[in-house]
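# Architecture and fold: a report
As a plain string of letters, each chain reads:
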Amino acid sequence: MGLLERFEDSLDRLVNGAFARAFKAEVQPVEIASALQREINDRAAVVDRTRTVIPNVFHVELSAHDYRRLAVFRDALQTELATLVRDYGAEQSYTLLGPVTIDLSQDDALETGIFRVRSEARAEVRASGGQVSAMPDLRQPRLELAGTAYPLVRAVNRLGRGSDTDIRIEDPGASRNHCEIVLGQPALLRDLNSTNGTLVKGQRVTQVELTDGTEFVIGSTPLVFRSG
């Protein structure tokens, strides 16, 4: 049994056949699943001989009519689609940079039966010692990414893809030791001779002073410095 067939069978068992009865026309879940597979293949990026990176965040935009029909099973469908992406990635030996998330949303500009898939490869960021918080201590210097705070607990905080860094950036564009933040008056951001550079306002920097709200980019991962 193929992935799409297993996907349909799993959904059918989950809702006791409700999908088979409810989705005889318009957008069907299996169409979304097939579109996700195409999106994965189209966006797969070869990083090196051992890694091909694929998107892990997917936004599925539906017409108002289709969204209302699917919204009844929204959580279950998103979970099953995420499982499909993980299984397909493993089957093809692809690399995911972080957790798979699927978001179904409504776009009033779309006609019934038409949907759109957008995706991105969003790197997973990990802080040494697991010091991560969605509700940060506002007195603590930190980095922020997508609403999550990563406290800067050392005088010198190293960032990069290596396992020995203080904040690990699982981004194929990041070097093992990419850059460091030196806390002081002022705080400094220093590039560590990274391959792709550390960008501030789109420009590569060697060293720059950080102020509250300074955004910099490692690979394709944007981070915001907060002084506390």
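The structure reproduced in this document is the subject of the present report. (Residues numbered from 1 in each chain as written. Predicted model: local features only at pLDDT ≥ 70, side-chain atom pairs only at ≥ 80, totals over all residues. Heavy atoms only, no water.)

### Thoughts on the sheet that holds strand β3 (residues 57-62)
Strand pairing in a sheet is mediated by backbone hydrogen bonds. Such pairs are either parallel or antiparallel. Taken in spatial order, the three strands line up as β5-β3-β6 in an open sheet, and their pairing is mixed. The sheet terminates laterally at β5 (101-106) and β6 (115-120), the two strands that pair on one side only. Going across the sheet, the axis of each strand differs from the next one's by a mean of 20°, ignoring polarity. By the bridge criterion, six bridges tie β3 to β5 in an arrangement that is parallel. Paired with E61 across the strands is S105, a residue of β5. Those strands touched by helix α5 (residues 74-91) are β3 and β5, and its axis lies near 135° from that of β5. (Pairing = 2+ DSSP bridges. Helix = DSSP H or I, 4+ residues; strand = E, 2+ residues; numbered from the N terminus. Axes fitted to C-alpha atoms, helices over the stretch in contact; angles between N-to-C directions. Contact = heavy atoms within 4.5 Å.)

### Some remarks on the sheet that holds strand β8 (residues 142-145)
With antiparallel pairing, the six strands of this open sheet are ordered in space as β9-β8-β18-β17-β14-β15. Strands with a single pairing partner mark the edges of an open sheet, and in this sheet they are β9 (148-151) and β15 (203-205). Averaged over all pairs of adjacent strands, the angle between their axes in this sheet comes to 35°, without regard to strand direction. With two bridges connecting them, strand β14 (residues 198-200) and strand β17 (residues 215-218) associate as antiparallel partners. Of the residues in β17, the one forming a bridge with L199 is V217.

### Remarks on the pattern of salt bridges
A complete count under the given rule lists 15 salt bridges for this structure. Salt-bridge contacts for D166 lead to R154; the nearest nitrogen and oxygen are separated by 2.6 Å. In this pair, D166 sits in the loop between β10 (156-160) and β11 (167-170) while R154 sits in the loop between β9 and β10, placing the two residues twelve residues apart along the sequence. The partly exposed category is assigned to R154, whose relative accessible area is 43%. In this structure, the salt-bridge partner of E180 is R158, at a minimum N-O distance of 3.5 Å. With E180 in strand β12 (residues 179-182) and R158 in strand β10, the pair connects residues that are 22 residues apart, well separated along the chain. Linked through salt bridges whose partners overlap, the residues forming this network are E61, D107, R116 and R118. (Salt bridge = Lys/Arg side-chain N within 4 Å of Asp/Glu carboxyl O. Buried < 20%, exposed > 50% of the residue type's maximum accessible area, 1.4 Å probe, protein only.)

### Digging into the nonpolar core
If you look at soluble globular proteins, the nonpolar side chains tend to sit buried side by side. Core analysis: the largest hydrophobic core is formed by 23 residues, its most contacted members being I32, L36, V60, L62 and I102. For this core, the secondary structure elements donating two or more residues are α3 (29-43), β3, α4 (64-71), α5 and β5. Filtering out sequence-adjacent residues up to four positions away, V60 remains in contact with I32, L36, I102, D103, L104, S105, F115, R116 and V117. (Core = buried A, V, L, I, M, F, W, Y, C linked by side-chain atoms within 4.5 Å.)

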